[in-house]
2 protein chains.
Amino acid sequence: MRAEILTVGDEILIGDVVNGNAAWLGRELTAAGVAVGRSAVVGDTLEAISGALAAALAAADVVIVTGGLGSTSDDLTRDALAALAGVPLVRDEALAGLIRDRLERAGMRPRPMPLRMADVPEGATMLPNPAGTAPGLRMELPGGTVYALPGVPGEMKAIMAASVLPELADGDAAPAVLTLRTAGVWETVLAARLAPLEERKDVSLAFLPEPSEVAVRITADSRPALDEAVLQARELLGAVMYGTGEQSLASVVHELLAAREHTVAVAESLTGGLLGAELTYVPGSSETFAGGVTAYETRLKHELLGVSASLLEERGAVDPEVAVQMAEGARERLGAVYGLGVTGVAGPGSQDGKSVGTVHIGISGPRGSRSFTPVLPLPPDLTQARANIRRMTVVQALDLLRHEILGVAMIRRWEEDQEDREGLT
Amino acid sequence: MRAEILTVGDEILIGDVVNGNAAWLGRELTAAGVAVGRSAVVGDTLEAISGALAAALAAADVVIVTGGLGSTSDDLTRDALAALAGVPLVRDEALAGLIRDRLERAGMRPRPMPLRMADVPEGATMLPNPAGTAPGLRMELPGGTVYALPGVPGEMKAIMAASVLPELADGDAAPAVLTLRTAGVWETVLAARLAPLEERKDVSLAFLPEPSEVAVRITADSRPALDEAVLQARELLGAVMYGTGEQSLASVVHELLAAREHTVAVAESLTGGLLGAELTYVPGSSETFAGGVTAYETRLKHELLGVSASLLEERGAVDPEVAVQMAEGARERLGAVYGLGVTGVAGPGSQDGKSVGTVHIGISGPRGSRSFTPVLPLPPDLTQARANIRRMTVVQALDLLRHEILGVAMIRRWEEDQEDREGLT
């Protein structure tokens, strides 16, 4: 089965909003075994929507259109569908009643406008909206089936999951796919490591780099081929691979700590709280995250974390030993099993004579204390690197904790990258 | 002038990568006075690319295509352009030499593959790439002009800025645009407040809601009309409007504090460090951000921030007075002019008998201490609300600090929303 995605909305076309809906639909349809042939974005005009729908139906069996189902005058997807089908819009009284009820409960007297949502093309099937008011619509048109969904991501996803994907999913056509999650090693290095997999005819790899992480999507002809490829990848990647699918580095660290009934406390500087925020993004993190201290002003590293004042005096705040003492201070003062400390220079300016991108991570735990100094790739324009350096620092710190819990030594990345790059040529 | 955007790449089509390039191009072209008529995404096949290019040229004067200019076998945009123009690909020896040099400097022996980048359609003009190797291409085809750019965002943007936008920009057609930034008031309330502006024929408004924030984009026929509209909007919105353009709530708070040589310290719970992270996202924040304490475990609210143990015992951690004592603890123990404290329930589960979405913010400063309890809109499925609740809490806390610095009372949002909603009906 072949599908096309149509996104309706001026705000997407002119770039006020990034088209996350189309990306989500592309992923879900592909995973369901539906081939996505093309994706288009049009503005809020009847001509544009009808024209794009007709073009999509000429090329595909199924068209998923999102947006233009709201209650304002520029919501025209219903009108475009009716025009294309040559049918009138008819008021669905049950839906109109529902809308009236909701408006009244919200303390608003019903006005004509919101009731436009109840005017649906004759012959369209309504798909219940678990997350909002406007229902989805399914229409059989010459050329194929159109599913029209609200543009609000939560509502679109809810209707897709409840009504559309179950109708479209084709188990036999669904590719065997798994995403491997890796941290701390460059894409080029992973590609070299996974060369034996690349040679296989029954699998294909896609590399999706993010700051200090790379996701590797394995697509295989069959489930057995995928399982075999994943096994092979695990051997080739070793500890560099931290998880699969929807796992995040923070969620993996949380699981590792929870399994041991251990906790972690953090001491932050350049990240300003981002490390703790990442750890607590995971539901249930109160089980494994004690808390943190962000000692942004240098004096606070001494006052709140007990970092040696003379050390700070002599070497400044950006120093491996400072990172270690921050980790130890967090561990002791917050009463956690592990302490993580991060200090460094996010920019735009250098600090204490250390250049932008200099980062030291300290860790303290049952096995003692040590520091790790990652080599971060930096863009030519360092003033643009601040957010990236902070994010990479968080990832490197979480990965250091993961290695520490597992009792695996952190690889000395730079040297290894050098070798692997030479190995590539 | 009418343009269409064409994005080439399987990874975009199947949703591995969100189409940020198209959003950026939509914004830049619109700002340059070029109307974006449609945007399309196709996969890495010759047929799909040629077909989409032909369709785009039939409807637009200019087509901007990104992606498919790399060195691998699935980079086919050059081939599609040549096929469409009916011309051969010719090796550009100067470019080939440049590629060889770069490969050698990177320590790699030149292999045939990368040199594909030097095979350009006969008659195409090469647009220098300040950020990478593959140049952009401009081709005049029957129907219009095609600009082909690399898919790497940094390279695409660099070539657009250096070569394409200067050629396309139409000052007379460029709309006068300004984005107003507001916090803490719902879209419906803003729409009601700005009704007088909506009635003007020479301006149009677009509302772009985010958690606890709404950006309002004003597009006007002329610069004077825009200035007038912005002035009017300022009067209608008052303190609800915190800034314009690229300003963020955190950057505005930073500027307000810096102008007074004041600092802030934060005490966090449910946000886990996100509030400090947001404040320190702003370059130069070390001037105004002292640091923070994330007391995630309840006991730490007493041990690290001096919140009354009996208060925690009696009322639990989610309480207005706890938020105030957290703010006071942060202010005193970190030695800052202002202290902010946030406590609440992000979910998925309730805590201390308080339901998901309950949030209390405390503030302490030269004017004394108080608490604020925002009413946060929640989705039907509370287990999905965690990230949103944390983000809304950060925005509400920053907005409370902004009001406190300005000496403006925080509006009691819920009541006001009610009134405004009734005002709407």
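The residue count restarts for each chain, going from 1 along the sequence in the order it is written. Labels follow written order: the first chain is A, the first ligand is 1, and so on. With pLDDT at 70 or above as the cut-off, local features in this predicted model cover only qualifying residues; side-chain atom pairs require 80 or more to be listed or tallied, and sums for whole chains, interfaces and linings still use all residues. Each side-chain value is derived from all of the structure's non-hydrogen atoms; neither hydrogens nor water enter the calculation.

- Looking at an unreviewed UniProt entry, one finds chain A named CinA-like protein, with Actinocorallia libanotica as its source organism.
- In its Sequence similarities (unreviewed entry) section, the UniProt entry covering chain A states "Belongs to the CinA family." UniProt positions are given in the numbering used here, feature names are shortened, and annotations may be inferred rather than shown by experiment.

So, the relation of the copies chain B and chain A
Right, on to step 1. Least-squares fitting of one copy onto the other uses the C-alpha atoms of those residues that reach a pLDDT of at least 70 in both copies. Aligned on chain A, chain B shows an RMSD of 0.9 Å; the corresponding rotation is 179 degrees and the shift along the axis is 0.8 Å. Read as a symmetry element, the transformation amounts to a two-fold axis.
Right, on to step 2. Residue contacts follow a heavy-atom distance rule, with two residues in contact if any of their heavy atoms lie within 4.5 Å. With an isologous cut-off of 70% or more, the 90% of interface residues of chain B that recur at the interface of chain A puts this contact in the isologous class.

Let's talk about helix α15 (residues 386–406) of chain B
It helps to recall that an α-helix has 3.6 residues per turn; residues three or four apart then point in one direction.
Residue and element names in this part refer to chain B.
Right, on to step 1. By definition, any uninterrupted DSSP run of H or I lasting at least four residues is a helix, any uninterrupted run of E lasting at least two residues is a strand, and each is numbered from the N terminus. One fewer than the residue count of a helix, multiplied by 1.5 Å, yields its expected span. Helix length check: α15, at 21 residues, gives a terminal C-alpha distance of 31 Å against a target of 30 Å (1.5 Å per residue), a fit within 8%.
Right, on to step 2. The buried fraction of α15 amounts to 17 of the 21 residues, a majority that puts the element mostly inside the structure.
Right, on to step 3. Looking one or two residues beyond α15, the residue adopting positive phi is G407, at roughly 70 degrees. Think of it in three bands: residues with accessible area under 20% of the maximum for their type are buried, residues over 50% are exposed, and the middle band is partly exposed, with areas taken using a 1.4 Å probe on protein chains only.

Regarding the environment of L279(B)
Residue and element names in this part refer to chain B.
Right, on to step 1. Looking at the element boundaries, L279 is found in helix α11 (residues 274–279).
Right, on to step 2. For L279, a relative accessible area of 5% corresponds to the buried category.
Right, on to step 3. Separated by 15 residues in the primary sequence, L279 and V264 place their C-alpha atoms 9.4 Å from one another.
Right, on to step 4. Those residues within four positions of L279 in sequence are excluded, and the remaining contacts are A250, V253, V264, V266, S285, F289 and L398.

Considerations on the packing of aromatic side chains
Right, on to step 1. By convention, a stacked pair of Phe, Tyr or Trp rings (six-membered ring in the case of Trp) has centres within 6.5 Å and planes under 30 degrees apart, an edge-to-face pair has planes over 60 apart, and any other such pair is tilted. Under the defined criterion, the tally for this structure stands at two aromatic pairs over all chains.
Right, on to step 2. A centroid spacing of 5.4 Å and a plane angle of 70 degrees characterise the contact between F289(A) and Y296(B), whose relative ring orientation is edge-to-face. Residue F289(A) is found in strand β14 (residues 289–294), and its partner Y296(B) is found in the loop between β14 (289–294) and α12 (298–303); the two belong to separate chains. A single burial state applies to F289(A) and to Y296(B), both of which are buried.

Comments concerning the sheet that holds strand β1 (residues 2–8) of chain A
Right, on to step 1. Each pair of strands is called paired provided DSSP finds at least two bridges between the two strands. Pairing is mixed in the open sheet, where twelve strands are placed in the order β6(A)-β7(A)-β8(A)-β3(A)-β1(A)-β2(A)-β2(B)-β1(B)-β3(B)-β8(B)-β7(B)-β6(B). Two strands bound the open sheet, and with one partner strand each, they are β6 (125–127) of chain A together with β6 (125–127) of chain B. Going from strand to strand, the sheet's axes swing by 20 degrees on average, the running direction of each strand aside.
Right, on to step 2. As paired elements, strand β7 (residues 136–141) of chain A and strand β8 (residues 144–149) of chain A share five bridges and run antiparallel to each other. Bridge pairing in β8(A) links M139(A) to V146(A).
Right, on to step 3. Here an axis means a line fitted to C-alpha atoms, over the contact stretch when the element is a helix, while the angle between two N-to-C directions is reported on a 0 to 180 degree scale. In the packing of helix α3 (residues 46–59) of chain A onto the sheet, the strands contacted are β1, β2 (35–42), β3 (62–66), β7 and β8 of chain A, and the crossing angle to β1(A) comes to about 170 degrees.
Right, on to step 4. The sheet strands contacting helix α4 (residues 77–85) of chain B are β1 (2–8), β3 (62–66), β7 (136–141) and β8 (144–149) of chain B, and the helix crosses β7(B) at an angle near 15 degrees.

Remarks on the domain arrangement of chain A
Residue and element names in this part refer to chain A.
Right, on to step 1. Each domain's limits were defined by an automated method or a database of domain assignments. Taken as a whole, chain A is organised into domain 1 (2–168), domain 2 (176–244) and domain 3 (249–406).
Right, on to step 2. The distance between the C-alpha centroids of domain 2 and domain 3 comes to 29 Å.
Right, on to step 3. Joining two parts hides part of their accessible area as seen by a 1.4 Å probe, and the buried area is that hidden amount summed over both. The junction of domain 2 with domain 3 conceals about 870 Å² of combined surface from both sides, 57% of it contributed by carbon and sulfur atoms.
Right, on to step 4. When the buried area of domain 2 at its contact with domain 3 is split by residue, P211, S212 and Y242 rank highest and sum to 54% of it.
Right, on to step 5. Any Lys or Arg side-chain nitrogen located within 4 Å of an Asp or Glu carboxyl oxygen qualifies as a salt bridge. Taken together, the connections running from domain 2 to domain 3 amount to one salt bridge.

Here's the deal with helix α9 (residues 223–237) of chain A
Residues and elements named next belong to chain A.
Right, on to step 1. Look at α9: 21 Å from first C-alpha to last across 15 residues, which is about the 21 Å you get at 1.5 Å a residue.
Right, on to step 2. Buried residues in α9 make contact with β9 (176–183), α7 (187–193), α8 (195–198), β10 (203–210), β11 (213–220) and β12 (241–244).
Right, on to step 3. The positive-phi residue at the C-terminal boundary of α9 is G238, with phi of around 60 degrees.

What to know about the interface of chain B and chain A
Right, on to step 1. With 62 residues of chain B in contact, the opposing surface of chain A contributes 61 residues.
Right, on to step 2. Summing both partners gives a buried area of about 4800 Å² for chain B against chain A, and 58% of it is carried by carbon and sulfur.
Right, on to step 3. The interface formed by chain B and chain A includes two salt bridges.
Right, on to step 4. Measuring nitrogen to oxygen at the nearest pair gives 2.2 Å for the salt bridge that ties R217(A) to D16(B).
Right, on to step 5. Two N or O atoms count as a polar contact when they lie within 3.5 Å, although within protein this holds only if one can serve as hydrogen donor and the other as acceptor, and sequence-adjacent residues are included solely when both atoms are side-chain atoms. Our count for the chain B to chain A interface comes out at 31 residue pairs in polar contact (both at pLDDT 80 or more).
Right, on to step 6. Counting residues per element, the ones that place at least two in the side of chain B that touches chain A are α2 (20–31), β2 (35–42), α11, β14, α12, α14 (320–334), α15 and α16 (413–424) of chain B.
Right, on to step 7. Ranked by residue count, the leading element in the side of chain B that touches chain A is β2(B), at seven residues.
Right, on to step 8. By the convention adopted, Pro, Cys, Tyr, Trp, Phe, Met, Ile, Leu, Val and Ala count as nonpolar, Lys, Arg, Asp and Glu as charged, and the other residues, Gly among them, as polar. Here the side of chain B that touches chain A is built from residues that sort into 28 nonpolar, 22 polar and twelve charged.
Right, on to step 9. Of the strand pairs in this sheet, β2(A) and β2(B) are connected by five bridges, and their pairing is antiparallel.

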